[in-house]
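# Survey of secondary and tertiary structure
One-letter residues, chain by chain:
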Amino acid sequence: MDRNPSPPLRSREEEEEEEEAAVGDCIGSTVYSKHWLFGVLTGLMQIVSPENSKSSSDHEEQQMELDEEMENEICRVWDMSMDEDVALFLHEFNVPDIFMGILAKSECPRLREICVGILGNMACFQEICVSISSDKNLGLLLTCLSQTEVAIVWVERIREHPAIYDSICFIMSSSTNVDLLVKVGEVVDKLFDLDEKLMLEWIRNGAVQPLDQPQEDSEQQPVFRIVPCVLEAAKQVRSENPEGLDVYMHILQLLTTVDDGIQAIVRCPDAGKDTWNLLFDLVCHEFCQSDDPPIILQEQKTVLASVFSVLSAIYASQAEEEYLKIGKVGLPLIDSLIRVLQNMKHCQKKPENSAESNTEETKKSDLTQGDFHLKILKDISCEFLSNIFQVLTKETVAQGLKEGQLSKRKCSCAFENLLPLYNPVVEDFLKILREVDKTLAGNLEESFPSLKVQT
């Protein structure tokens, strides 16, 4: 019996075509298949698509659990995403957008965990991290961080991926994209506000390097410290985005709420001086200037509160530093602080004869919405002003009178706001003032009888 005929031999051209097809299906220099990956992503999108369910209840039940086979395949993608070629391929085909959509729609905790893990792996690569962060969908992360039920999950995921710290610091310290810097700043601000433990970890990051270890090796990865990175970002957004500057000033203020944060500012080489110089320049040459209308304070109240709070913290902890000598900084700051208090009085005026404003509910609402931040600003300004008043010398007071920072009108405004809480500070200032200008001291005593009685 004749045997079956042998299959026809393939031509060299056909073999080459198959080899080229196989190579063309590989992702970069890996052996991973593009076709297989597309299949997994397609199946993943179908899972979260409502069209795949016969009813909304079926869909909700389906979304709560992940099929074992699909979970295994997606976990393979998770492992693969640690390879830069795969990460770049996923990014090229807008996988971050797909995953952001899944995170917004899916009710399955395991699926959300895997998606965050893949995004975290992708964010470890600098180019991808910058692109992901600049995407408008970063707002979704802010939304998630604002939801009490899931915020802690996101914080934990970020804590589990230390590379996120380096990526965020790299963006803040090197990017010139203001929109990107604002979005990243908002995320950092929210994270610090949510979790003090994470903030402490980030403060200490980069601060443990031995002092004798050189950093001249160009191949060594840079050691990012949070304060210089925040300052660099603040300088970039300063002139182009006031809201962004507000965000970065609030980050600095949050840092000063813990001792490690204050030390990170004042003890890091040049960080204390750089922070002081930037904030000092803002309050003395940009915010609430003498030619600005008083109402401008309504727009600047939150950023001013942050700035004065940080300046006050630096001043209290570094009073011996040369750049904080009272003769150089005291009078300009006194001028700025008093101007803020003067404008505040104008901003706090209530409309007269308004029937609507007479209701208790409206008054309470007005206090909550309109005066709360102004009150915080007043408290911070008064405390800072009292600290400066305590170290004024006879020579500095004489200079202030000559240059106009300590006129009768300005001293009266200061006394109105400092009394009675800071009564001893005002009394000590008045003693110095009597030696310099007895007439002015007497006029102020007449205007504030309580001081005259006690003197």
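### So, the side chain of asparagine 417
Note on placement: asparagine 417 falls in helix α22 (residues 408-418). When sequence neighbours within four positions are dropped, the list of residues in contact with asparagine 417 reads Leu341, Lys378 and Cys382.

### Considering α22
Of all 11 residues in α22, eight are buried; the element is thus mostly enclosed. Of the residues making up α22, those classed as buried are Lys410, Cys411, Ser412, Cys413, Ala414, Phe415, Asn417 and Leu418.

### Quick notes on the nonpolar core
Core analysis: the biggest nonpolar cluster contains 109 residues, and Met172, Trp202, Ile226, Trp276, Phe308, Phe389 and Phe415 have the highest contact counts within it. Broken down by element, this core gets its largest block of residues, 11 residues, from helix α19 (residues 326-347). If we ignore the near neighbours within four places in the chain, the residues touching tryptophan 202 are Ile158, Tyr165, Ile168, Val188, Leu191, Phe192 and Ile226. Val40, Val77, Ala87 and Phe89 belong to the second-largest nonpolar core, a separate cluster that totals 28 residues.

### Things to note about unusual backbone geometry
Peptide bonds are mostly trans, and most non-glycine residues show a negative phi. Look at the link from leucine 419 to proline 420: it is a cis peptide, with omega at 0°. As for its position among the elements, proline 420 is in the loop between α22 and α23 (423-436). Even without being glycine, asparagine 94 reaches a positive phi, approximately 60°. With respect to the helices and strands, the residue asparagine 94 is situated in the loop between α5 (84-92) and α6 (95-105). Take asparagine 94: its relative accessible area is 46%, and that puts it in the partly exposed class. Unlike most non-glycine residues, cysteine 288 shows phi in positive territory, near 45°. In this structure, cysteine 288 sits in the loop between α17 (271-285) and α18 (296-317).

### Topic: the packing of aromatic side chains
In this structure the tally under the stated criterion is 12 aromatic pairs. A centroid spacing of 5.4 Å and a plane angle of 70° characterise the contact between tyrosine 165 and tryptophan 202, whose relative ring orientation is edge-to-face. Separated by 37 residues along the polypeptide, tyrosine 165 in helix α11 (residues 163-174) and tryptophan 202 in helix α13 (residues 196-204) bring together distant segments of the chain. When sorted by exposure, tyrosine 165 lands in the same class as tryptophan 202, which is buried. Taken together, a centroid distance of 5.8 Å and an interplanar angle of 80° make the contact between phenylalanine 192 and tryptophan 202 edge-to-face. With a gap of 10 residues between them, phenylalanine 192 in helix α12 (residues 178-194) and tryptophan 202 in helix α13 connect regions that are remote in the sequence. Tryptophan 202 carries the same exposure label as phenylalanine 192, and that label is buried. Among the aromatic residues, ring-to-ring pairing joins Trp276, Phe280, Phe308, Tyr315 and Phe384 into one connected group. Sitting over the ring of tryptophan 36, arginine 76 keeps its end group 4.4 Å from the ring centre.

### Description of the confidence of the model for the protein
Residues shown with low pLDDT carry predicted positions that ought not to be read at fine detail. When the pLDDT values of the protein are averaged, the result is 80; 77% of them are 70 or greater. Across residues 52-56, where pLDDT falls below 50, the model places five contacts with residues more than four positions away in sequence or in other chains. The low-confidence segment residues 210-221 (pLDDT under 50) makes seven contacts with residues lying over four places distant or belonging to another chain.

Each value, and the rule that gives it
Residues numbered from 1 in each chain as written. Predicted model: local features only at pLDDT ≥ 70, side-chain atom pairs only at ≥ 80, totals over all residues. Heavy atoms only, no water. Helix = DSSP H or I, 4+ residues; strand = E, 2+ residues; numbered from the N terminus. Contact = heavy atoms within 4.5 Å. Buried < 20%, exposed > 50% of the residue type's maximum accessible area, 1.4 Å probe, protein only. Core = buried A, V, L, I, M, F, W, Y, C linked by side-chain atoms within 4.5 Å. Phe/Tyr/Trp six-rings, centres within 6.5 Å; stacked < 30°, edge-to-face > 60°. Lys NZ or Arg CZ within 6 Å of the ring centre and 35° of its normal. pLDDT = per-residue confidence, 0-100.

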